[in-house]
Amino acid sequence: MYDAPAVLTEAELRNLEADYCSWGDTVHYLDHPKFFDTCEGSYMYDAEGQAFLDLQMWYSAVNFGYRNPRLNAVAHRQLDRLPQVASQYLHREKVELAAMIARDVEAKFGSKGRVHFNVGGAQAVEDSLKIVRNSSGGKSLMFAFEGGYHGRTLGASAITSSYRYRRRYGHFGDRAQFIEFPYHFRGPRGMTKEEYGEHCVAKFARLFETEYNGVLDTKTGQAEFAAFYIEPIQGTGGYVIPPPNFFAGIKRVLDQHGILLVVDEIQMGMYRTGKLWSIEHFGVQPDVLVFGKALTNGLNPLSGLWAREELINPTVFPPGSTHSTFNANPMGTAVALETLRMCAELDYGTAVAEKGAYFLEGLRALQRRWPQIGDVDGLGLALRCEICEADGYTPNKKLLDRMEEEAMKGDLEVGGRRLGLILDVGGYHKNVITLAPSLEITYPEIDTALELLDALLRRCVAG
């Protein structure tokens, strides 16, 4: 007779976690990370059924809501048909998905290209680094932005600006040269956002004026750098949104010197900003585009990249150039294909723009009531709320840490309900609430979110 295993208590699980789980693959920013039991739509639930409104949706991986019925149904069907196949063989979903992405990019940006899959965002960044280095004759130096984040594998850490991700792992000889990003709220006083963007472009262009700036041989016109890695909107850096003219200026400089533009859409892709690719807002053409996260709505891991034909065709990037056992796995590609079909059928562009504008106006109303909100901004449903001292400018990480901790207690009173609130923290000073709600969030849920933020500020500022 089979005896079902005993259900462990949360206390027993915490003891096991303390003894046997690496903390290197989890965060433990809070002393007691929350256990969750179920999820639905915009909410997570603990074992007691306490609801937590999620405003970060697994770091923007679950754009289309937890347990999305249409996407979950595809995962179930694929599980019963072809859940596994070695990557040396083909399956229908991989080919159709690659063609759909490549045709979309060609229609929008005018270049034929090919799609290459992997399982995580950082792994896709690693693959892109191989493509860039291969196409540039082995150049290993890259430009990236201050505040930029591209992952924590060794190669991705070299182009991620935070030294703390590199500190324990020795010298990174290929570390990127980090360029100023137009973070207007903390930029020079007296400049408009557009003027600051032009200022940053001019500073970048100046690097190429003379050989003594160290990036260009002015006699041959050869640059030492192979590519510039960008997030159109900075993610971990605090959802910093540049002026609309900024990337066009950067791209002009890159094109003059034969340097590739690699666009990281891992966090901002899949309509987070109201476009399938956030770079569409800025009028420039990528040479390589990296994607992941919400492509499968956080179900089976899948990531990948698109690159121009001349960078990735089989003559220059032959079989075996990279490998992952689980790249293009049929569970992931099946869900991703359905995600893109769903996006093509439903007008997420309009819906996200309208919901984002409504949410942003609500944040601005909160800002008028709370001097501790120094800056709010947003594009689509990628929104930021910067927490400061009462002067509205000095970063106040301590207050936001307290807000995050209190939000996870699940005891905020709003509209006769007790709710928790799941927030994500980012920014150069770790004082920014980076808001990435479900694209399916309802207007009443946005109202609830704003009320919860207000209640949280009342509790924490007073405390």
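For the structure, see preceding data.
Worth saying up front: this structure is predicted, and the values here are computed from it rather than measured. (Residues numbered from 1 in each chain as written. Predicted model: local features only at pLDDT ≥ 70, side-chain atom pairs only at ≥ 80, totals over all residues. Heavy atoms only, no water.)

Overall, antiparallel pairing links the four strands, which are arranged S13-S14-S18-S17 in an open sheet. Two strands lie at the open edges of the sheet, namely strand S13 (373-379) and strand S17 (425-426), each paired on one side alone. In this structure, S17 lies alongside strand S18 (residues 432-435), joined through two bridges in antiparallel fashion. Counted as the bridge partner of Gly-426 is Val-432 from S18. (Pairing = 2+ DSSP bridges. Helix = DSSP H or I, 4+ residues; strand = E, 2+ residues; numbered from the N terminus.)

Attention shifts here to the nonpolar core. Among the nonpolar cores identified, the biggest contains 103 residues, and Phe-143, Phe-204, Trp-277 and Leu-421 are the most heavily contacted of them. In terms of residue count, helix H13 (residues 443-462) provides more of this core than any other element does, nine residues in total. The contacts of Phe-143, once residues within four sequence positions are left out, are Ala-176, Gln-177, Ile-179, Phe-204, Leu-207, Phe-208, Val-215, Phe-225, Ala-227, Phe-228, Tyr-229 and Ile-259. Of all hydrophobic cores here, the second largest spans 25 residues; its members include Ile-131, Ala-144, Tyr-229 and Leu-305. (Core = buried A, V, L, I, M, F, W, Y, C linked by side-chain atoms within 4.5 Å. Buried < 20%, exposed > 50% of the residue type's maximum accessible area, 1.4 Å probe, protein only. Contact = heavy atoms within 4.5 Å.)

It is possible for side chains of opposite charge to pair when their charged atoms get near one another. A full pass over the atoms with the stated rule returns 31 salt bridges. Where Arg-133 meets Asp-174, a salt bridge forms, and the shortest distance between an N and an O atom there is 3.5 Å. Taken together, the residues span a long stretch of sequence, with Arg-133 in helix H5 (residues 121-135) and Asp-174 in the loop between helix H6 (154-158) and strand S6 (177-179) at a distance of 41 residues. Looking at Arg-133, the relative accessible area reads 35%, which means it is partly exposed. Its relative accessible area of 31% is what places Asp-174 among the partly exposed residues. For Arg-186, the salt bridge identified is with Glu-386, shortest N-O distance 2.8 Å. Of this pair, Arg-186 sits in the loop between S6 and helix H7 (193-206) while Glu-386 sits in strand S14 (residues 382-387); the two residues are 200 residues apart in sequence, bridging distant segments of the chain. For Arg-186, a relative accessible area of 18% translates into the label buried. Salt bridges sharing partners connect three or more residues here, namely Arg-70, Arg-92, Glu-96, Glu-338, Arg-341 and Glu-345. (Salt bridge = Lys/Arg side-chain N within 4 Å of Asp/Glu carboxyl O.)

Further remarks concern the packing of H7 against helix H8 (residues 246-256). For the pair H7 and H8, the least separation of the axes is 9 Å and the interaxial angle reads 15 degrees. Considered as vectors, H7 and H8 are oriented roughly parallel to each other. For the pair H7 and H8, the sense of crossing is right-handed. Facing H7, whose interface residues are Gly-197, Cys-200, Val-201, Phe-204 and Ala-205, H8 presents Phe-246, Gly-249, Ile-250, Val-253 and Leu-254. For the contact of H7 with H8, the class distribution of residues is eight nonpolar, two polar and no charged. (Axes fitted to C-alpha atoms, helices over the stretch in contact; angles between N-to-C directions. Parallel < 35°, antiparallel > 145°, perpendicular 65-115°, else oblique. Left-handed = near helix turned anticlockwise from the far one by under 90°. Nonpolar A, V, L, I, M, F, W, Y, C, P; charged D, E, K, R; others polar.)

Right, let's get into the pairing of strand S9 (residues 225-230). With six of six residues buried, S9 lies mostly within the body of the structure. In this sheet, strand S10 (residues 260-264) lies alongside S9 in parallel orientation, the contact comprising four bridges. Across the sheet, residue Tyr-229 finds its bridge partner in S10, namely Val-262. Read from S9 through H8 to S10, the crossover connection turns out right-handed. (Right-handed = clockwise from strand over helix to strand, strands pointing away.)

Mapped onto the secondary structure, Glu-406 falls in helix H12 (residues 397-407). Judged by its relative accessible area of 6%, Glu-406 falls in the buried class. Separated by 2.9 Å, the side chains of Glu-406 and Arg-459 make a polar contact. Apart from the residues lying within four places of it in its own chain, the contact partners of Glu-406 are Asp-411, Leu-456, Arg-459 and Cys-460. (Polar contact = N/O pair within 3.5 Å; in protein donor to acceptor, adjacent residues only side chain to side chain.)

Looking at the second largest pocket, its volume works out to about 860 Å³. Lining the second largest pocket are 28 residues, with Lys-94, Val-115, His-116, Phe-117 and Pro-319 sitting closest to its centre. Elements with a contribution of two residues or more to the lining of the second largest pocket: helix H4 (92-109) and strand S4 (113-118). When residues in the lining of the second largest pocket are grouped by element, the largest group, seven residues, is from H4. Looking at side-chain class alone, the lining of the second largest pocket contains 14 nonpolar, nine polar and five charged residues. (1 Å grid on protein atoms, 1.4 Å probe; cavity = no way out; pocket = protein on both sides within 12 Å on 5 of 7 lines; lining within 4 Å. Points joined across faces, edges and corners; volume = space filled by probe spheres on them.)

Time to look at the environment of Gln-84. For Gln-84, the position within the fold is in the loop between helix H3 (69-81) and H4. Accessibility expressed as a relative area gives 64% for Gln-84, which makes it exposed. Considering only alpha carbons, one finds Gln-84 and Asn-329, 245 residues apart in sequence, at a separation of 6.8 Å.

With that settled, the discussion passes to the environment of Gly-420. Following the sequence through the fold, Gly-420 ends up in strand S16 (residues 417-422). When near neighbours in sequence (up to four residues on either side) are disregarded, Gly-420 contacts Gln-50, Ala-51, Phe-52, Leu-53, Ala-407, Gly-410 and Leu-452.

Glancing now at the packing of H3 against helix H10 (residues 330-345). Relative to each other, H3 and H10 sit at 145 degrees, their axes nearing to 9 Å. Crossing angle aside, the handedness with which H3 passes H10 is right-handed. Here Arg-70, Leu-71, Val-74, Ala-75, Gln-78 and Leu-79 of H3 lie close against H10, whose contacting residues are Pro-330, Met-331, Ala-334, Val-335, Glu-338, Thr-339, Arg-341, Met-342 and Glu-345. Grouping the constituent residues of the contact of H3 with H10 by class yields nine nonpolar, two polar and four charged.

Tallied over the entire structure, the rule returns 23 aromatic pairs. Consider the rings of Phe-204 and Phe-208, whose centres lie 5.4 Å apart with planes at 85 degrees: the pair is edge-to-face. Cluster of aromatic residues (ring-pair linked, three or more members): Phe-143, Phe-145, Phe-181, Phe-204, Phe-208, Phe-225, Phe-228, Phe-246, Phe-247 and Phe-282. The cationic tip of Arg-186 hangs over the ring face of Tyr-393; the distance from NZ or CZ to the ring centre is 4.5 Å. (Phe/Tyr/Trp six-rings, centres within 6.5 Å; stacked < 30°, edge-to-face > 60°. Lys NZ or Arg CZ within 6 Å of the ring centre and 35° of its normal.)

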